[in-house]
Amino acid sequence: MKRDPSPTTLRSQLTAFFRVIASIIWKDLTVELRSRELLTAMLVFALLVVLIFNFALELDVKNRTGVTPGILWVTFTFAGTLGLNRSMAIEKDRGCLDGLLLVPVDRSAIYFGKFISNLAFMVIVEIIILPVYSALYNVNLFHPGLLLVILLGSIGYMAIGTLLAAMSVQTRTRDVLLPILLFPVVVPVLVAAVKSSGGFLQGSELAEILPWLNLLIAYDVIFIAIALMLFDYIVEE
Amino acid sequence: MIVVKNLVKRFGLKTVLRGVDFQVEPGEFVALLGSNGTGKTTFLRILASLSRPTGGNVRIAGCRLPAQAEAVRSRLGFVSHQPLLYGDLTTEENLYFYGRMYAIPNIEQRISEVLDMLGLDFHRRDLVRTLSRGMQQRLSIGRAVLHDPQVLLFDEPYTGLDQNASVMLDKMLSRVAARGRAVVITSHDLIHIEDLATRYDILGRGLIVASSTREKLGRGSLLTFYRQAFQGA
């Protein structure tokens, strides 16, 4: 019969768990600071998408606010996919993923480390894109509610994206496979994020926005739970 | 130290390992030889807990795989033909990263010891991507021995190395093995392996088809033994 772990064992396991997460985040940020591959690609791509929409749609003052949530989430989604692909490719190229998997700790710590790093990169891109968008489209995006939605949407997107990127990186067609796998799965998060973003931008009642926010939170929790359950099986042969 | 009984591994319909029995004692240096596609890498990846066996029993340092994989991982080091190192981190940072992951106490001191042993102290602040293939492979060994494991697994460590780097790697492996660890190495380079290993096991058709020791074979007989094993297989 399996014995319950003692409080000391549990504490040391938790310490190891958080140490691995912190180490992976430190490593990812240091590597990115040196190479600037991931953030540059995400940022340039996101800026181009915002610019292209700006020229293509020729929006007037009236319908500008209405399309803003859609443009924003398309931009974040595309830039996020680019970042996810690159982030996992760094792990795969020199066999580094095996190096991580050899560490004597629960593998969900590796998932969380990569998830938080990817989320940090996406948030950095969003922080830069929001003022640029505001200036180009003349829309005020600095609404606390909208910022919360962007954070929640990014969490859900990166939670399932990190899992699927770990899966697709094992294949030869990883660049193509990730969006094909990710976009259909992430649709509920995107719909909820677009609806609640629109609600905050148009000044709707909180009661109208709340169901979408709840859906967003529910999907965040579901995606993180699914990823925790499946990550070990996905990365092991 | 390593006990494998009736190990089976299938990838879909393809059976790679068909019931391998294998044992390594502490201090033994075992060379696992065989032609391409015989399952050497798959076998080592199962021992390293990177791949799940389809059937059979695997015990490393008294711990069962895959049930006690975390305990096994803390007791083994794995070197593959890929360096498992980050090109945009320095030599020192790579070791520091893995040292933190393994919760090694006095990590700075341990890194200095390992870099000194590897002859890489002068390159401690160089980015790994600027190092030569031979240096990266030495550093890869450093990463594997950083937590002082009881079991070491080397998968084709000579791949892509020139003559000088291979000789240096020989010295490194001898030093690492001289510390009473159980070592398993796969390689096609019989010349290097003959002097290093104390036992030679030949893997063919998903089974160990022949096994002998350096003492029994005598110097210069490994190639003949290898050919005979495949003729019989």
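Just so we're clear, the structure is a prediction, and the values are computed from it rather than from any experiment.

Student: Can you help me understand the overall build of chain A in this one?
Tutor: Within chain A, the regular secondary structure consists of eight helices and zero strands. Reading the secondary structure of chain A in the N-to-C direction produces α-α-α-α-α-α-α-α. At 19 Å, chain A has a C-alpha radius of gyration in line with the 18 Å of a compact globule built from 237 residues. Burial status across chain A gives 43% buried among its 237 residues. In chain A, of all internal contacts separated by at least 6 residues, the share reaching a separation of at least 24 is 83%.

Student: Explain the pairing of strand β7 (residues 151-155) of chain B to me, please; I cannot follow it from the model alone.
Tutor: On any regular strand, side chains alternate: one points to one face of the sheet, the next to the other face. Residue and element names in this part refer to chain B. Counting buried residues in β7 gives five out of five residues, a clear majority hidden from the surface. A two-sided burial pattern is seen for β7, the buried positions comprising V151, L153 and D155 on one face and L152 and F154 on the other. The sheet contact formed by strand β6 (residues 76-79) and β7 spans four bridges and is parallel. Across the sheet, the residue bridging to L76 is V151, located in β7. Crossover connection from β7 via helix α6 (residues 163-177) to parallel strand β8 (residues 182-186): handedness right-handed.

Student: Looking at this structure, I do not really get the domain arrangement of chain B. What am I missing?
Tutor: Frequently, the measure chosen for interface size is the accessible area that the parts lose on association. All names here are of chain B. Assigned domains within chain B: domain 1 (2-75 + 150-232) and domain 2 (84-148). Each of domain 1 and domain 2 was reduced to a C-alpha centroid, and the two centroids are 24 Å apart. Taken together, the contact pairs eleven residues of domain 1 with nine residues of domain 2. Sort the elements by how many residues they give to the side of domain 1 that touches domain 2 and α6 lands first, with six residues. Its residues placed into classes, the side of domain 1 that touches domain 2 shows eight nonpolar, one polar and two charged.

Student: Would you mind going over helix α3 (residues 91-101) of chain B with me for this structure?
Tutor: Note that an α-helix has 3.6 residues per turn; residues three or four places apart therefore point the same way. For α3 of chain B, the tally of buried residues reaches nine of eleven residues, placing the bulk of the element in the interior. Among all positions in α3 of chain B, only T91, E93, N94, L95, Y96, F97, Y98, G99 and M101 of chain B are buried. Each element contacted by the buried residues of α3 of chain B is listed here: α1 (7-35) and α4 (96-101) of chain A together with α4 (107-118) and α5 (133-145) of chain B. One or two residues past the end of α3 of chain B sits A103 of chain B, with phi positive at roughly 55°.

Student: Teacher, can you tell me more about the interface of chain A and chain B here?
Tutor: On the side of chain B, 25 residues touch chain A, which itself brings 21 residues to the contact. Looking at the side of chain A that touches chain B, the elements with two or more residues in it are α1 and α4 of chain A. With nine residues, α1 of chain A is the single largest residue contributor to the side of chain A that touches chain B. In the side of chain A that touches chain B, the residues fall into nine nonpolar, five polar and seven charged.

Student: Help me out: how do you make sense of the packing of α3 of chain B against α5 of chain B in this one?
Tutor: Helices that pack against each other are described as a pair by the angle of their axes relative to one another and the distance between those axes. Residues and elements named next belong to chain B. Taken N-terminus to C-terminus, the directions of α3 and α5 make an angle of 25°; their axes are 9 Å apart at the nearest point. In terms of axis orientation, α3 runs roughly parallel to α5. Handedness of the α3/α5 crossing: right-handed. Residues T91, N94, L95 and Y98 of α3 touch α5, and the partners they reach there are L139, G142 and R143. Counted by class, the contact of α3 with α5 contains three nonpolar, three polar and one charged residues.

Student: Where do I start with the nonpolar core in this structure?
Tutor: Within soluble globular proteins, side chains that are nonpolar tend to cluster in buried spots. Counting 139 residues, the largest nonpolar core has M42 and V125 of chain A together with L47 and L153 of chain B as the members making the most contacts within it. When residues of this core are assigned to domains, at least three fall in each of domain 1 (2-75 + 150-232) and domain 2 (84-148) of chain B. In this structure, L47 of chain B is in contact with I2, V58, I60 and L153 of chain B, ignoring residues within four places of it in sequence.

Student: So what exactly am I meant to see when it comes to the environment of R107 of chain A here?
Tutor: Within the secondary structure layout, R107 of chain A lies in the loop between α4 and α5 (108-137). Filtering out sequence-adjacent residues up to four positions away, R107 of chain A remains in contact with L101, F231, D232 and V235 of chain A.

Student: Sorry if this is basic, but what is going on with unusual backbone geometry here?
Tutor: Excluding glycine, residues mostly have negative phi values, and the peptide bonds linking residues are mostly trans. Residues and elements named next belong to chain B. A cis amide bond, omega 0°, links L65 with the succeeding residue P66. Of note, P66 is situated in the loop between β5 (63-65) and α2 (69-73). Residue A61 is not a glycine yet carries a positive backbone phi of 50°. By the secondary structure assignment, A61 is in the loop between β4 (55-60) and β5. On the basis of neighbour counts, which here come to 18 C-beta atoms within 10 Å, the residue A61 falls in the partly exposed class. The residue N106 is not glycine, and still its phi comes out positive at about 45°. With respect to the helices, strands and loops of the structure, N106 is situated in the loop between α3 and α4. A tally of 10 C-beta atoms within 10 Å means that N106 is categorised as exposed.

Reading the values: rules and limits
Residues numbered from 1 in each chain as written. Chains lettered and ligands numbered in written order. Predicted model: local features only at pLDDT ≥ 70, side-chain atom pairs only at ≥ 80, totals over all residues. Helix = DSSP H or I, 4+ residues; strand = E, 2+ residues; numbered from the N terminus. Rg over C-alpha atoms; globule rule 2.2 N^0.38 Å. Buried ≥ 20, exposed ≤ 12 C-beta atoms within 10 Å, placed from the backbone. Contact = placed C-beta atoms within 7 Å. Pairing = 2+ DSSP bridges. Right-handed = clockwise from strand over helix to strand, strands pointing away. Domains from an automatic or database assignment. Nonpolar A, V, L, I, M, F, W, Y, C, P; charged D, E, K, R; others polar. Axes fitted to C-alpha atoms, helices over the stretch in contact; angles between N-to-C directions. Parallel < 35°, antiparallel > 145°, perpendicular 65-115°, else oblique. Left-handed = near helix turned anticlockwise from the far one by under 90°. Core = buried A, V, L, I, M, F, W, Y, C linked by C-beta atoms within 7 Å.

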